Amino acid sequence: MSWFGYADAADLARAQEVARNEARRVKEEKERAEEARKEANESNIRAKDAEERAQKENQRANEERERAEQEKMAAGKAKEEATESARRAEQAAEQAHIEKQKALEAQGLAKEERVRAEEARARAENEARKSVETRQKKETAEQENKRLLDEKDEKQKRDETLMQFAWGPKKTKRGRWTAQEVQRLRDMFYEHMHDKEGRLIHGKILIFGPSGAGKSSFCNGLRAALKDSAQPTTYYAVGSHDNSLTRTFQPSQYGDHWIIDMPGIFESSDFKTESIEAIASGRVRFDAQIGNWKTLEVKINQQQARRDVSCVVLVLHHGITLGDELKRQLNAIIRLGGEGVLSYHLVLTHLDECDPQFKDPENIPNLYNSPLVQEAVKMMSEQTGIPPYAISYVKNYVTENTTHTNTKLLHLEALDRILTSTAEQVEKMIDLKLQKNMYEDARVSWTTAVFISAAVMCVCAVVYMCTQ
Ligand SMILES: Nc1nc2c(ncn2[C@@H]2O[C@H](COP(=O)(O)OP(=O)(O)O)[C@@H](O)[C@H]2O)c(=O)[nH]1
Ligand SMILES: [Mg+2]
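Definitions and limits used
- Here the residue numbers are simple positions, counted from 1 along each chain's written sequence.
- Whichever chain is written first is A, and whichever ligand is written first is 1; the rest continue in order.
- Selection of residues for local features in this predicted model requires a pLDDT of at least 70, selection of side-chain atom pairs for listing and counting requires 80 or more, and totals for whole chains, interfaces and linings are taken over all residues.
- With hydrogens and water excluded, all non-hydrogen atoms of the structure serve as input to the side-chain values.
- Simply put, an axis is a line fit to the C-alpha atoms, just over the touching stretch for a helix, and the angle between two N-to-C directions goes from 0 to 180 degrees.
- The numbering of helices and of strands both runs from the N terminus, where a helix is a DSSP run of H or I of at least 4 residues and a strand a run of E of at least 2.
- Any angle that falls under 35 degrees is termed roughly parallel, while one over 145 is termed roughly antiparallel, one within 65 to 115 roughly perpendicular, and all others oblique.
- Each crossing gets its hand from how the near helix is turned against the far one by less than a right angle, where anticlockwise is left-handed and clockwise is right-handed.
- The contact criterion used is simple: two residues touch if any of their non-hydrogen atoms lie within 4.5 Å.
- Note on classification: 1.4 Å probe, protein chains only; a residue is buried when its accessible area is under 20% of the maximum for its type, exposed when over 50%, partly exposed between these limits.
- For this analysis, a salt bridge means a side-chain nitrogen from Lys or Arg found within 4 Å of a carboxyl oxygen belonging to Asp or Glu.
- The pLDDT score gives, residue by residue, the confidence of the prediction method on a 0 to 100 scale.
- Patches here: salt-bridge-free residues with over 30% relative accessible area, like charges joined within 9 Å, nonpolar side chains (Val, Leu, Ile, Met, Phe, Trp, Tyr) joined within 5 Å.
- The Shrake-Rupley method, run with a 1.4 Å probe sphere, supplies the accessible areas, and residue values consider only the shown protein chains as cover.
- We score Asp and Glu as negative and Lys and Arg as positive, and we do not count His or the chain ends.
- The atoms used to mark charge sites are NZ of Lys, CZ of Arg, CG of Asp and CD of Glu.
- Only rings of Phe, Tyr and Trp enter the pairing, Trp through its six-membered ring, and a pair is recorded when the two centres are within 6.5 Å. The plane angle decides the type: under 30 degrees is stacked, over 60 is edge-to-face, the rest tilted.
- Distance and chemistry together define a polar contact, namely a pair of N or O atoms within 3.5 Å, with one atom able to donate a hydrogen and the other to accept it when in protein, and with adjacent residues in sequence counting only for side-chain atoms on both sides.

Chemist: What is the right way to look at the packing of helix α4 (residues 273-280) against helix α5 (residues 324-338) in this model?
Modeler: To describe two helices that pack against each other, one gives the angle between their axes and the distance between the axes. Axis separation between α4 and α5 bottoms out at 10 Å; the angle between their running directions is 45°. Comparing their axes, α5 and α4 come out oblique. Along this stretch, α4 crosses α5, giving a crossing that reads as right-handed. Along the contact surface, α4 presents Thr273, Ile276, Glu277 and Ala280, while α5 presents Arg328, Gln329, Ala332, Ile333, Arg335 and Leu336.

Here's what the structure looks like:
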């Protein structure tokens, strides 16, 4: 049978169906093919695109690579450059370091130079200052020298003027300031002295002067020298002017003589001139009761023999300016001296204050060479009217614990002069007495002559009358 042999409707329909299916399937195939083609086209396109993109990518990649290459090269170059720069920077840094080092060295050198320059300047300034100082010193030294020379000249002139005054022994032998000399003067003091009528001389040495002058200290000095004591004595009360001791006479006997420390009322205006005269001329007993201490009125014993001689020793602080009262009393004594009633001597005290070198008794041998002492003696002599030979100068013991040969000698020398003037006073009084006797003798002989001539005349008259 042929396929057409079954020509019924179902077969046909089936055939048609199959044909339709086939057609549909072909169509679908076709469509699918179309789609596949389309897809293939698209794929193609896409592939193309992809290829294009790939190409582009490739190209870009190439470009990128190229760029990267270039960049790499550039980077390499940059790196190289950087390395070079770094090297150069390093070199520069090194150079800078070296430069800095150099700069520092230069700075150091400059600093050293500056320091050296500074030192040199300081040295130069120093030198300049030194030279100025040296010049000034030289000038000052020259001026000082000149001043010293002028001063020396002036002092010499002043000393010469003062030394022309030359109080003290002409030749001052230093060798005489010895213990032997002390002994000699002490022996002399204790030797009996007789007046020319053969009577023993008893000197009454009255120590007069204002309070605080150093009377009691002087008496103590005399006592220490006369007793040859090793320590200063305090026999006479020093410095206390109100106590009873200094309000009475303080007589003390040494050998044949008396030394009487007087109360320090000398400068009082109540102290009458007659009382001074009575005391000074020895008409007052030293144990006398003095009624009124203020006026020092003394009961004068007119019967008291004026056998003993008084030497009034005026003790004054050197450099004192005499007040009116002191002058009045001083004049009374000097007048009595002039009338031959007493002798007087001036003792200046505080020698150590006049010329400080005498604070040390070792310097006492310079006494007669001290212009200050000469000046003080001159001044006091002019003020008191007492001649320099009747002036002694002493340094009393004040702070010393021991006595000193030179100090003793000063006191004994003063005492020696005092005693010499005392002895002269004795002579003077005897001469005064003799002088008086001489006139009295002369008056007796003249009366006798008148009487005898009257008697002769009477006899003659009687004889004549008888012969008539
Ligand atoms: N520096 C010194 N002081 C003295 C001297 N003589 C006495 N004096 C002092 O003077 C003061 C009065 O002395 P004083 O003998 O009591 O004097 P007066 O009142 O005259 O008896 C005391 O303090 C003594 O120590 C002296 O030669 N030198
Ligand atoms: Mg006294």
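On we go from here.
Chemist: Looking at this model, I keep getting lost on α4. Mind explaining?
Modeler: Residues three or four positions apart in an α-helix share a direction because the helix packs 3.6 residues into each turn. Within α4, 7 of the 8 residues are buried, leaving the element largely enclosed by the surrounding structure. Burial in α4 covers these residues: Thr273, Ser275, Ile276, Glu277, Ala278, Ile279 and Ala280.

Chemist: What is the right way to read the pattern of salt bridges from this model?
Modeler: Oppositely charged side chains can pair when the atoms bearing their charge come close. Enumeration according to the criterion identifies 26 salt bridges in this entry. One salt bridge connects Arg116 with Glu113, and the closest N-O pair in it is separated by 2.4 Å. Separated by 3 residues within a single helix, Arg116 and Glu113 lie in helix α1 (residues 9-165), roughly one turn from each other. In this structure Glu113 comes out as partly exposed when scored by relative accessible area, which is 44%. One salt-bridge network, in which partners are shared between bridges, spans Glu84, Arg87 and Arg88.

Chemist: I'm lost on the confidence of the model for the chain in this one. Help?
Modeler: Interpreting fine coordinate detail is not advised for predicted regions of low pLDDT. With 84% of its residues at a pLDDT of at least 70, the chain reaches an overall mean of 81. Every residue in residues 300-305 is under pLDDT 50, and counting partners more than four places away or in other chains gives 6 contacts.

Chemist: How should a negative patch on the surface be read in this particular structure?
Modeler: A cluster of like negative charges, contributed by Glu28, Glu31, Glu35 and Glu39, occupies part of the molecular surface. You can see Glu28 is positioned in helix α1. Under the relative-accessibility criterion, Glu28 is labelled partly exposed at 36%.

Chemist: When you look at the packing of aromatic side chains in this model, what are you seeing that I'm missing?
Modeler: What characterises a pair of aromatic rings is the spacing of the ring centres plus the angle enclosed by the ring planes. If you walk through the whole model with that rule in mind, you get 4 aromatic pairs. Their ring planes at 65° and their centres at 6.4 Å tell us that Trp167 and Tyr393 sit as a pair that is edge-to-face. With a gap of 226 residues between them, Trp167 in the loop between α1 and α2 (179-190) and Tyr393 in strand β8 (residues 391-393) connect regions that are remote in the sequence. Here Trp167 matches Tyr393 in class, with each residue buried.

Chemist: Is there a simple way to explain the side chain of Thr403 in this structure?
Modeler: Positionally, Thr403 belongs in the loop between β8 and α8 (405-467). Given the relative accessible area of 14%, Thr403 is considered buried. With near-sequence residues (within four places) excluded, Thr403 lies in contact with Ala224, Ser229, Ala230, Gln231, Pro232, Tyr397 and Lys408.

Chemist: Sorry if this is basic, but what is going on with unusual backbone geometry here?
Modeler: Glycine aside, negative phi is the norm for most residues, and most peptide bonds take the trans geometry. One non-glycine residue, Asp228, adopts positive backbone phi at about 50°. Tracing the backbone through its elements, the reader meets Asp228 in the loop between α3 (215-226) and β2 (250-254). Residue His350 is not a glycine yet carries a positive backbone phi of 60°. Residue placement: His350 occurs in the loop between β7 (343-349) and α6 (351-354).

Chemist: Would you take a moment to explain the environment of Ser343 for this structure?
Modeler: Residue placement: Ser343 occurs in strand β7. Since its relative accessible area comes to 7%, Ser343 is described here as buried. For the pair Ser343 and Ala423, spaced 80 residues apart in sequence, the C-alpha separation works out to 9.2 Å. At 3.5 Å, the side chain of Ser343 forms a polar contact with the backbone oxygen of Ser421.

Chemist: I would appreciate a short explanation of a nonpolar patch on the surface in the present structure.
Modeler: Taken together, Phe451, Ile452 and Val456 make up a surface patch of nonpolar side chains, about 320 Å² in accessible area. If you trace the backbone, Ile452 turns up in helix α8.

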